Amino acid sequence: MRFRIDFAYDGTEFSGWAAQPGRRTVEGELTSALETVCRVAGLKLTVAGRTDAGVHGRGGVCHVDLDQVVAERLPGRSDRTPAEGLVTRLNGVLARDVVVRRVASVSEDFDARFSATQRRYSYRILDRPEQLDPLRRHDTVVVKRGLDVEAMNEAAARLVGLNDFAAFCKKREGATTIRTLLHYGWSRDDEGVVVGRIEADAFCHSMVRALVGAVVPVGEGRRDVGWPREVMTSGRRDPGVVVMPAHGLCLEEVSYPPAEEWAARAEASRVMRELPHD
């Protein structure tokens, strides 16, 4: 039986999602909890998005496959479903900086990674240090220069669309850096925090924080609004683009198509993306 697990976590004390020997990770915590409550070993999780050390997640999604006999034990003597039993049992053993929001039984067509249609992240920046809420210090980056949100929006808008984002990614052998950036915008909230909203079909390694680092100099008046696009079209990492701190970033949501489209979406996602030829 395949189960979709929706979870959230405070990334402050984690070395990212991916399990690493000797380090505390979100994958490690969730896997350990699952193996404890299911009383089995060797479980493997497939996640929608692998976050880096210090990055937070409100909308994490992964899936796990369990033997039916194991799944049917989860409700115990209650009349709950296996999925409902899994929510209660997992939250009973997880540390307080990880919470399982919901669990759903899904068909094998569902793939948490490849069936996803888009991922949405947020990034929080405060350009008025004296107004920092100490309770938000772990998810808000403080900068010393004032930010022009309108200029940041204009620069960000020029990056939207199907593009090669090699200039904003740490390349991995055999992996494409072509992505469709669906939305990239900035606004100042009621508390004066400048909040970025970044959505794409998928992201490559360090892409979101580099995209933020490309428009912050524009907001500070140190770069022209056209500079981030110039960097992108060059296809090369630019020393002027600083990969922003991890703690300002949060995975907010992962979106999926209707169940009857899961398999087709997963198949399409596995195809190597290319830019259209003129």
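Reading the values: rules and limits
- Residue numbers restart at each chain and count upward from 1, following the sequence in its written direction.
- With pLDDT at 70 or above as the cut-off, local features in this predicted model cover only qualifying residues; side-chain atom pairs require 80 or more to be listed or tallied, and sums for whole chains, interfaces and linings still use all residues.
- Neither water nor hydrogens contribute to the side-chain values; these are computed over all heavy atoms in the structure.
- Here the aromatic set is Phe, Tyr and Trp, taking the six-membered ring for Trp, and pairing holds for ring centres within 6.5 Å; pairs whose planes are under 30 degrees apart are stacked, those over 60 apart are edge-to-face, and all others are tilted.
- Secondary structure elements are defined from DSSP: runs of H or I of at least 4 residues count as helices, runs of E of at least 2 residues count as strands, and each element is numbered from the N terminus.
- We call a residue buried when its accessible area falls under 20% of the maximum for its residue type, exposed when it is over 50%, and partly exposed in between, using a 1.4 Å probe and counting protein chains only.
- Arc, as used here, means the arc of the directions from the helix axis to the C-beta atoms.
- Should any heavy atoms of two residues lie within 4.5 Å, those residues are considered in contact.
- The disulfide criterion used throughout: a pair of cysteine sulfur atoms within 2.5 Å.
- The term salt bridge refers to a side-chain nitrogen of Lys or Arg lying within 4 Å of a carboxyl oxygen of Asp or Glu.
- Two strands make a pair as long as DSSP finds a minimum of two bridges between them.
- For the purposes of these results, a polar contact is taken to be a pair of N or O atoms within 3.5 Å, where, inside protein, one atom must be able to donate a hydrogen and its partner to accept one; residues adjacent in sequence count only when each atom of the pair is a side-chain atom.
- Here, nonpolar core refers to any group of buried Ala, Val, Leu, Ile, Met, Phe, Trp, Tyr and Cys residues whose side-chain atoms link them within 4.5 Å.

Where do I start with the packing of aromatic side chains in this structure?
To describe a pair of aromatic rings, one takes the distance between the centres and the angle between the planes. Taken as a whole, this structure holds seven aromatic pairs when the rule is applied. On the basis of an interplanar angle of 50° and a centroid distance of 5.0 Å, the ring pair of phenylalanine 110 and tyrosine 256 is categorised as tilted. Taken as a pair, phenylalanine 110 in the loop between strand E4 (98-106) and strand E5 (118-126) and tyrosine 256 in the loop between strand E10 (249-255) and helix H7 (262-269) lie far apart in primary sequence, 146 residues in all. By relative accessible area, tyrosine 256 is classed as buried at 16%.

I tried to follow helix H6 (residues 227-234) on my own but got confused; where do I start?
Counting along an α-helix, one turn takes 3.6 residues, and residues three or four places apart therefore face a common direction. Within H6, the full set of buried residues consists of Trp227, Pro228, Val231 and Met232. Down the axis of H6, the sector holding all buried residues measures 145°, keeping them to one side. In this structure, H6 carries Glu230 and Thr233 as exposed residues pointing more than 90 degrees from its buried face. Buried residues along H6 sit against helix H4 (149-157), strand E7 (161-164) and helix H5 (207-219).

Before we go on, may I ask you to explain the state of the cysteines in this structure?
Simply put, disulfide is the name for a covalent bond between the sulfur atoms of two cysteines. Scanning the model with the defined rule gives one disulfide in all. A disulfide bridge connects cysteine 169 with cysteine 204, and the sulfur atoms are separated by 1.8 Å. Linking cysteine 169 in the loop between E7 and strand E8 (178-188) with cysteine 204 in the loop between strand E9 (194-200) and H5, this pair joins segments that are 35 residues apart in sequence. Of the cysteine sulfurs around cysteine 38, a residue in no disulfide, the closest is that of cysteine 62, at 12 Å. On the basis of relative accessibility, which here comes to 0%, the residue cysteine 62 falls in the buried class.

Mind showing me how you'd approach the pattern of salt bridges here?
Where charged atoms of side chains with opposite charge meet at close range, the side chains can pair. Tallied over the full model, the rule gives 16 salt bridges. The partner of aspartate 111 in a salt bridge is arginine 270, with the nearest N and O atoms 3.4 Å apart. One end of the pair, aspartate 111, is in the loop between E4 and E5; the other, arginine 270, is in the segment after H7, and 159 residues separate them in sequence. With a relative accessible area of 49%, arginine 270 lands in the partly exposed category. Taken together, the salt bridges that share partners define one network made up of Arg4, Asp6 and Arg102.

Teacher, can you tell me more about the pairing of E10 here?
It is a general feature of regular strands that their side chains alternate between the two faces of the sheet. When you tally the buried positions in E10, you get six out of seven residues, the bulk of the element. Summarising the sheet, strand E3 (residues 56-65) and E10 pair through two bridges and their orientation is parallel. Following the sheet pairing, glycine 57 is matched in E10 by leucine 251. Pairing analysis gives six bridges linking E5 to E10, with the strands arranged antiparallel. Residue pairing in the sheet places glutamine 118 in a bridge with serine 255 of E10.

Would you mind showing me how to read the side chain of aspartate 6 here?
With respect to the helices, strands and loops of the structure, aspartate 6 is situated in strand E1 (residues 2-9). For aspartate 6, a relative accessible area of 8% puts it in the buried group. For aspartate 6, the side chain forms a polar contact with the side chain of arginine 4, separated by 2.8 Å. When residues no more than four places from it in sequence are discounted, the contact partners of aspartate 6 are Gly60, Val61, Val99, Val100, Arg101 and Arg102.

I'm lost on the nonpolar core in this one. Help?
For soluble globular proteins, nonpolar side chains are generally found buried alongside one another. If you look at the biggest cluster of nonpolar residues, it comprises 52 residues, and the most contacted ones within it are Ile125, Tyr184 and Trp186. Broken down by secondary-structure element, the contributors of at least two residues to this core are E5, H4, E8, E9, H5, H6 and E10. If you tally residues by element for this core, the top one is H5, at nine residues. Apart from residues no more than four positions distant in its own chain, tyrosine 184 is found in contact with Ala156, Ala157, Leu159, Val160, Arg197, Ile198, Leu211, Val212 and Val215. Formed by 30 residues, the second largest nonpolar core is a distinct cluster that contains Phe7, Leu34, Leu66 and Ala83.

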